[in-house]
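Summary of the model geometry
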Amino acid sequence: MKTYLSAIMFIIASLPQTGFAQDAATLYNEGVKLKNEKKITEAIEKFKKAVALKPDYTEARYEWGWCQNDTKDYEGAVINLRKVRSIWTTVPKLYFELGYAFEKYMWTDSALTAYSRCLELKPDYALAYKQLGYIAYTKNDYTAALDYFKKYELNAKTEIKDYLYWYRKGFTHNALKDYNNAITALNQSLLLKNDYVNTYLELGFACTRLKQDDDAINHFKKAIDLDPKSHVPYNGIGEVYRDNKKDMNEAMTWYKKTLAMNPAERKANFGIGYCLNSTGKYSEAIIYLKKAIESERDYIAAFVELGYSYYMTGKYTEAIEHCNKAMTLNPKNENSRYYAGLVYIQLKNKTMAQKMVDELKALSSKLAATLQAKVDAL
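Remember, it's a predicted structure, so these values are computed and weren't measured experimentally. (Residues numbered from 1 in each chain as written. Predicted model: local features only at pLDDT ≥ 70, side-chain atom pairs only at ≥ 80, totals over all residues. Heavy atoms only, no water.)

Moving on: the overall build of the chain. Scanning the chain from terminus to terminus reveals 21 helices and zero strands. Relative to the globule expectation of 21 Å for 378 residues, the C-alpha radius of gyration of the chain, 31 Å, shows a markedly less compact shape. Summarising the internal contacts of the chain: among those between residues at least 6 apart in sequence, 46% fall at separations of at least 24. Looking at charge distribution, the chain has the averaged site of its 54 positive side-chain charges lying 1 Å from that of its 45 negative ones. (Helix = DSSP H or I, 4+ residues; strand = E, 2+ residues; numbered from the N terminus. Rg over C-alpha atoms; globule rule 2.2 N^0.38 Å. Contact = heavy atoms within 4.5 Å. Lys, Arg positive; Asp, Glu negative; His and termini not counted. Charge placed at Lys NZ, Arg CZ, Asp CG, Glu CD.)

With that settled, the discussion passes to the environment of A185. Secondary-structure assignment places A185 in helix 10 (residues 179-192). Excluding residues within four positions of it along the chain, A185 makes contact with W166, K169 and G170.

Relative to the helices and strands, E265 resides in the loop between helix 14 (248-261) and helix 15 (266-278). Although buried, E265 forms no salt bridge, and the nearest oppositely charged side chain, R266, lies 5.1 Å from it. Excluding anything up to four places from it in sequence, E265 contacts H231, N235, T258 and L259. (Buried < 20%, exposed > 50% of the residue type's maximum accessible area, 1.4 Å probe, protein only. Salt bridge = Lys/Arg side-chain N within 4 Å of Asp/Glu carboxyl O.)

In this structure the tally under the stated criterion is 17 salt bridges. Measuring nitrogen to oxygen at the nearest pair gives 2.9 Å for the salt bridge that ties D124 to K122. A residue is classified by how much of its surface remains accessible, and D124, at 28% relative accessible area, is partly exposed. On the basis of relative accessible area, K122 is assigned to the partly exposed category, the value being 33%.

Right, let's talk about the packing of helix 20 (residues 350-362) against helix 21 (residues 367-376) for a bit. Where helix 20 contacts helix 21, the two axes come as close as 8 Å, and the packing angle between them is 160°. Compared by their axis directions, helix 20 and helix 21 come out roughly antiparallel. Viewed along their axes, helix 20 and helix 21 form a crossing whose handedness is left-handed. Touching K350, A353, Q354, M356, V357, L360 and K361 of helix 20 are L367, A368, L371, Q372 and V375, all from helix 21. Of the residues assigned to the contact of helix 20 with helix 21, the class counts are eight nonpolar, two polar and two charged. (Axes fitted to C-alpha atoms, helices over the stretch in contact; angles between N-to-C directions. Parallel < 35°, antiparallel > 145°, perpendicular 65-115°, else oblique. Left-handed = near helix turned anticlockwise from the far one by under 90°. Nonpolar A, V, L, I, M, F, W, Y, C, P; charged D, E, K, R; others polar.)

Another point: helix 3 (residues 58-70). Each turn of an α-helix holds 3.6 residues, which means side chains three or four residues apart point in the same direction. Here helix 3 contains 13 residues, and its C-alpha end-to-end distance of 18 Å stays within 8% of the 18 Å for a straight helix at 1.5 Å per residue. Counting buried positions along helix 3 yields ten of 13 residues, so the element is predominantly enclosed. Within the span of helix 3, buried status applies to T58, A60, R61, Y62, E63, W64, G65, C67, Q68 and N69. Within two residues after helix 3, K72 carries a phi angle of roughly 70°, on the positive side. (Expected span 1.5 Å × (residues − 1).)

Moving on, we come to the confidence of the model for the chain. Of the residues in the chain, 94% reach a pLDDT of 70 or more, and the chain-wide mean stands at 93. Taken as a whole, residues 1-19 scores under 50 in pLDDT and shows zero contacts with residues more than four places along the chain or in a different chain. (pLDDT = per-residue confidence, 0-100.)

Quick look at the packing of aromatic side chains now. Under the counting rule described, the total for this entry stands at 28 aromatic pairs. Judged by centre distance (6.3 Å) and plane angle (75°), the rings of Y137 and Y142 are edge-to-face. Taken as a pair, Y137 and Y142 share a single burial class, namely buried. Arranged with centres 5.6 Å apart and planes meeting at 70°, the rings of Y137 and F171 form a pair that is edge-to-face. Within this pair, whereas Y137 is found in helix 7 (residues 126-138), its partner F171 is found in helix 9 (residues 163-175), the two being separated by 34 residues in sequence. Judged by relative accessible area, which is 14%, Y137 ranks as buried. Among the aromatic residues, those joined into a cluster by ring pairs are Y137, Y142, Y163, Y167, F171 and Y196. Taking the ring centre of Y163 as reference, the NZ or CZ of K193 above it sits at 5.5 Å. (Phe/Tyr/Trp six-rings, centres within 6.5 Å; stacked < 30°, edge-to-face > 60°. Lys NZ or Arg CZ within 6 Å of the ring centre and 35° of its normal.)

Within the secondary structure layout, E63 lies in helix 3. A relative accessible area of 8% means that E63 is categorised as buried. Other than its neighbours up to four places away in sequence, E63 contacts Y28, K35 and F47.

Attention now goes to the packing of helix 15 against helix 16 (residues 282-295). Packing of helix 15 against helix 16 brings their axes to within 8 Å, and their N-to-C directions diverge by 160°. Taken as axis vectors, helix 15 and helix 16 run roughly antiparallel relative to one another. For the pair helix 15 and helix 16, the crossing hand works out as left-handed. Residue-level inspection shows R266, N269, F270, I272, G273, Y274, L276 and N277 of helix 15 in contact with helix 16, the latter providing Y282, E284, A285, Y288, L289, K291, A292 and S295. A breakdown of the residues in the contact of helix 15 with helix 16 according to their chemical character gives nine nonpolar, four polar and three charged.

A rise of 1.5 Å per residue sets the reference length of helix 14, with its 14 residues, at 20 Å; its end C-alpha atoms lie 20 Å apart and thus fit the reference within 8%. When helix 14 is considered as a whole, its buried residues turn out to be M248, A251, M252, W254, Y255, T258 and L259. Down the axis of helix 14, the buried side of the element spans an arc of 165°, and every buried residue falls inside it. Projecting away from the buried face of helix 14 at angles above 90 degrees are the exposed residues N249 and A260. (Arc of directions from axis to C-beta.)

Once that is clear, we can look at the state of the cysteines. As used in these notes, a disulfide is a covalent bond between sulfur atoms, one from each of two cysteines. Taken as a whole and judged by the stated rule, the model has zero disulfides. No disulfide involves C118; its sulfur sits 19 Å from the nearest other cysteine sulfur, which is in C67. The exposure class of C118 is buried, given its relative accessible area of 0%. Cysteine C275 shares no disulfide, and the gap to the nearest cysteine sulfur, in C323, comes to 20 Å. (Disulfide = S-S within 2.5 Å.)

Here you go:
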């Protein structure tokens, strides 16, 4: 009798376990279906229940972690995917998803390690190169970013239709002063999304540097249409007129549009100050350049330009003070030394003027010869 009862108890005990396993598998399959239908929140509930029934259900836990990444629950994704990692030690996609969770959770070193492991296991895992490129991009390491982007494109199995990728690639080319390739990438971004303001701003910047003035202005105006409250495109058009067209009055018109929105905006104040200096209105320039520095205490170009304003208005002590500040902020700055040299010449201080010449020569500056001639004439 005892043996008979034990057998019955064993059978009864085993039935729920089998049922749980079957229910977990059903929940998993339902979750996968929902995930494929982009119903991520509903899919998470299925995977969560599947894991509750079967804690060692690795596939379900991985999909749960994937969905958590998709819903930006990166902390939850890290927890789940780390558990999966202890089982899936050689599965590339696991390391990619874990790397992505680490990256978004701001654990950058862990993300780099995970992506690298992914690529060790599968060297053609294109998305890992893309994310490594994004990390380098975020760190302003644009040379490395571009190298990763090239590898991403080389290994991508399908056409890349991510407008943000092409925007970031264009931004990277701009940062490296490769403006033609920047325009190519940014135009690709526009084909995929034609209302992303930043793309037009970067296109305007690239065209400005290439002196494609009409295109630059058109891009900046498109940015204004999309976001009239942003001062950036107004400054961009001002720069085209200031630096390329040399039309200081028109440039100031655009900078003033920025200041109408934000009187303290540094670039517009600097831009107007620069234009006023260029048109001989040095005292007026001082007002704007001081405002630029109030908004950015380490604004090197503004210190240089203000030093020039003070030089031209005969305020030599102030001129030297501001030129020296620019040199402190940027030991390789050339214009600050040139203007300081001009001040020392006015003060008949040949020793200090020659010192400025010698420092310019050490920087291989073309300004050295011009200043030397003035020093020699003392």
